[in-house]
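# Structure assessment
Below are the chains, spelled out letter by letter.
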Amino acid sequence: MFRFMNMSAEIVVRSPGRVNLIGDHTDYTGGMVLPMAINRFTTITAGPLAGAIQLTSADQPDSLNCLLPINSPASTQPEWGRYVAGVATQLNVARGFSGSVSTTLPLGGGLSSSAALELCTALMLCLVNDLPPLASLELAQLCRRAEHLATGVPCGIMDQLTCASGVAGSALLIDCHSLQVSPIKIPNDINIYVQFIAHRKLASSAYSDRVTQCDQAEQHIGPLRLAEVSSVPNITDDVLRRRAMHVVSENERVRRATVALALQDMTTFGQLMNESHQSLRDNFEVSTHQMDEAVRIAQQTPGVFGARMTGGGFGGCIVIVADSTANVDNLEGATLVKPVSGAKVIS
Ligand code: GLA
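Read on for a plain summary of the structure. (Residues numbered from 1 in each chain as written. Predicted model: local features only at pLDDT ≥ 70, side-chain atom pairs only at ≥ 80, totals over all residues. Heavy atoms only, no water.)

### Focus: the environment of Met-273
As for its placement among the helices and strands, Met-273 is situated in helix α8 (residues 266-282). As for Met-273 and Arg-253, which are separated by 20 residues in sequence, their C-alpha atoms are 8.2 Å apart. Contact partners of Met-273, with chain neighbours within four places excluded, come to Leu-21, Ile-22, Gly-306, Ala-307, Arg-308, Val-319 and Val-321. (Helix = DSSP H or I, 4+ residues; strand = E, 2+ residues; numbered from the N terminus. Contact = heavy atoms within 4.5 Å.)

This is the structure:
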């Protein structure tokens, strides 16, 4: 009887991860991205707890036990608890929760497992504190700030906003300046695969360096989101010129890829993905040899329209878009993913 009463007090919240189809390292300069939320999820099941958060993980050996309020999320132990602590600090609430977390996303795999954990935490904390539910955009902005607090990595809004506002059956065109989200339907006969390559920790210094270099490039040619490819050669420094070339051309590729997707012109869409990979590899230098090799093999597979690294890079996953005839058996671990709706309270 007691057990039954306990269970009925439990709340279940769930957030998908995301894969980015095209448009990487554009979000933090207010550029364009085209990701989708995927059917791999993080779930927290918990009940209210005054003044503390206690969370066991099905995927990590150590549990999180912390008192509220949290003063220094970035030094919380275990490390995965920092994302939870970052959200709790942002919401600054008195009531926490006690329960468990599990995920079907690879951890540190470039599919936004951290954004999914942040969103679950925010949904749970709002519920147990009787706060009015936050709109997807507010939720995403809060979780982005939480990630900055937790890791010091100055990430953009793409991951949190995609996981918060996913639409079943669609990719999301996001203008990271206006923050407008426009669903673009993905044709039913198109298969999207993610292939896990290697664990990565968003090498905070390398990611931050790229953010700084984009800032510096903007001092020469103005906001990269508004710049034309023809103005990029005005940057004399070779590294900054290549960084800017990636961002400016990637924004253009996202726009063209969106039109191609809407027209179901998957050949053009795939070519743009392939060009995106080349630019991330050569101009932005965030790929790895292992990812390049996997992308090359995928691109040569009959039925594959395009393949590229996805997300922040330095490891993680590649994304492959193919027709239904493509035989992906030679692409070790390639997993079919479907576009799904965003983070929500399940019960
Ligand atoms: C990481 C960041 C995002 C974005 C991507 C690269 O996933 O969290 O904000 O910058 O890298 O597109």
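After presenting the structure, the write-up continues.
### Side note on the site of the ligand
Asp-24, His-25, Asp-27, Asp-159 and Tyr-207 are the nearest of the 13 residues found near the ligand. Side-chain polar atom of Asp-27 to an oxygen atom of the ligand: 2.6 Å apart, as the coordinates give it. For the ligand, an oxygen atom lies 2.9 Å from a polar atom in the backbone of Gly-156. Here the shell around the ligand is composed, by residue class, of five nonpolar, four polar and four charged. (Near = heavy atom within 4 Å. Polar contact = N/O pair within 3.5 Å; in protein donor to acceptor, adjacent residues only side chain to side chain. Nonpolar A, V, L, I, M, F, W, Y, C, P; charged D, E, K, R; others polar.)

### Side note on the sheet that holds strand β8 (residues 191-198)
In space, the four strands of this open sheet follow the order β9-β10-β8-β11, with antiparallel pairing throughout. Two strands lie at the open edges of the sheet, namely β9 (304-310) and β11 (335-337), each paired on one side alone. Sheet twist, expressed as the mean angle between neighbouring strand axes with direction ignored, is 30 degrees. Where β8 meets strand β10 (residues 316-322), seven bridges bridge the pair, whose relative direction is antiparallel. Its bridge partner being in β10, Gln-195 is matched across the sheet by Ile-318. Where helix α9 (residues 289-299) meets the sheet, it contacts β8, β9 and β10, and its direction lies at approximately 170 degrees from that of β9. (Pairing = 2+ DSSP bridges. Axes fitted to C-alpha atoms, helices over the stretch in contact; angles between N-to-C directions.)

### So, the packing of aromatic side chains
The full count for this structure, using the stated rule, is one aromatic pair. Each ring, one from Tyr-28 and one from Tyr-207, has its centre 5.4 Å from the other, and the planes form 65 degrees; the classification is edge-to-face. Remark: Tyr-207 occurs in helix α6 (residues 204-221) and Tyr-28 occurs in the loop between β1 (11-22) and β2 (32-50); sequence separation between them is 179 residues. Here Tyr-28 falls in the buried class, since its relative accessible area comes to 15%. Sitting over the face of the ring of Phe-284, Arg-243 holds its NZ or CZ atom 6.0 Å from the ring centroid. (Phe/Tyr/Trp six-rings, centres within 6.5 Å; stacked < 30°, edge-to-face > 60°. Buried < 20%, exposed > 50% of the residue type's maximum accessible area, 1.4 Å probe, protein only. Lys NZ or Arg CZ within 6 Å of the ring centre and 35° of its normal.)

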